[in-house]
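# Geometric and topological summary
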Amino acid sequence: QVPLVESGGGLVQPGGSLRLSCAASGFTFSSYTITWYRQAPGKEREFVALITSAGSSTNYADSVKGRFTISRDNTKNTAYLQMNSLEPGDTAVYYCNARRLKQYWGQGTQVTVSS
């Protein structure tokens with residue numbers, strides 16, 4: 001059983017939107033902080049956005065602030081990353097991370113922003 005599964009990636013034109021999902025199973029999702037990271041080719045993995053366990057607090061990288069929105073639905077054991085006004089620089093594999101005392105990673109979903 002894979003603890004985290006990302007979906008929703010794809011190819012989108014600049015200025016477009018995508019919504020990524022991170023579906024959790026096998027652990028108490030509602031107790032975990034969820035963080036989205038991304039990794040572009042040849043670059044290190046970088047922080048994108050974070051949401052606390054109850055969803056009461058969020059944090060964003062400066063590069064996505066105002067364009068991306070992180071959210072979660074603890075009744076569905078799922079977190080989301082709404083990405084608007086996408087730019088070519090957003091092209092990367094996006095990973096979901098769940099962290100408390102342990103941490104879990106998803107397998108990643110590819111986002112490509114290109115005309």
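Below, the structure is looked at part by part. (Residues numbered from 1 in each chain as written. Predicted model: local features only at pLDDT ≥ 70, side-chain atom pairs only at ≥ 80, totals over all residues. Heavy atoms only, no water.)

### Section: the overall build of the protein
- Summing up its helical and strand segments, the protein has 0 helices and 11 strands in all.
- The secondary structure elements of the protein, listed N-terminal to C-terminal, are β-β-β-β-β-β-β-β-β-β-β.
- Relative to the 2.2 N^0.38 estimate, which gives 13 Å for 115 residues, the radius of gyration of the protein is 13 Å and therefore close to what a compact globule would have.
- Across the 115 residues of the protein, 42% fall into the buried class.
- Within the protein, contacts between residues at least 6 apart in sequence are counted, and of these 52% link residues at least 24 apart.
- A total accessible area of about 5,900 Å² is found for the protein, and carbon and sulfur atoms account for 46% of it.
- For the protein, the separation between the mean place of its 11 positive charges and that of its 7 negative charges on side chains is 8 Å. (Helix = DSSP H or I, 4+ residues; strand = E, 2+ residues; numbered from the N terminus. Rg over C-alpha atoms; globule rule 2.2 N^0.38 Å. Buried < 20%, exposed > 50% of the residue type's maximum accessible area, 1.4 Å probe, protein only. Contact = heavy atoms within 4.5 Å. Areas by Shrake-Rupley, 256 points an atom, 1.4 Å probe, with all protein chains shown as cover. Lys, Arg positive; Asp, Glu negative; His and termini not counted. Charge placed at Lys NZ, Arg CZ, Asp CG, Glu CD.)

### Some details on the sheet that holds strand β8 (residues 78-83)
- Pairing is antiparallel in the open sheet, where 4 strands are placed in the order β1-β3-β8-β7. Pairing within the sheet leaves two strands with one partner each, and these edge strands are β1 (4-7) and β7 (68-73). Geometrically, the sheet is characterised by an average inter-axis angle of 15° between neighbouring strands, direction not taken into account.
- Here 6 bridges tie β7 to β8, and the two strands are oriented antiparallel to one another. Paired with Phe68 across the bridge in β8 is Met83. (Pairing = 2+ DSSP bridges. Axes fitted to C-alpha atoms, helices over the stretch in contact; angles between N-to-C directions.)

### Considerations on the state of the cysteines
- By the definition in use, this model includes 1 disulfide.
- Each sulfur of the disulfide joining Cys22 and Cys96 lies 2.0 Å from the other. The chirality of the disulfide connecting Cys22 with Cys96 is left-handed, given an S-S dihedral of about -75°. Of this pair, Cys22 sits in strand β3 (residues 18-24) while Cys96 sits in strand β9 (residues 92-99); the two residues are 74 residues apart in sequence, bridging distant segments of the chain. For the residue pair Cys22 and Cys96, the accessibility class agrees, reading buried in each case. (Disulfide = S-S within 2.5 Å.)

### Focus: unusual backbone geometry
- Although it is not a glycine, Asn77 sits at a positive phi angle of roughly 50°.
- Taking the relative accessible area as the measure of exposure, Asn77 reaches 29% and is therefore partly exposed.
- Of note, Ser85 is a non-glycine position whose phi angle comes to about 50°, a positive value.
- Mapped onto the secondary structure, Ser85 falls in the loop between β8 and β9.
- By relative accessible area, which is 40% here, Ser85 ends up partly exposed.

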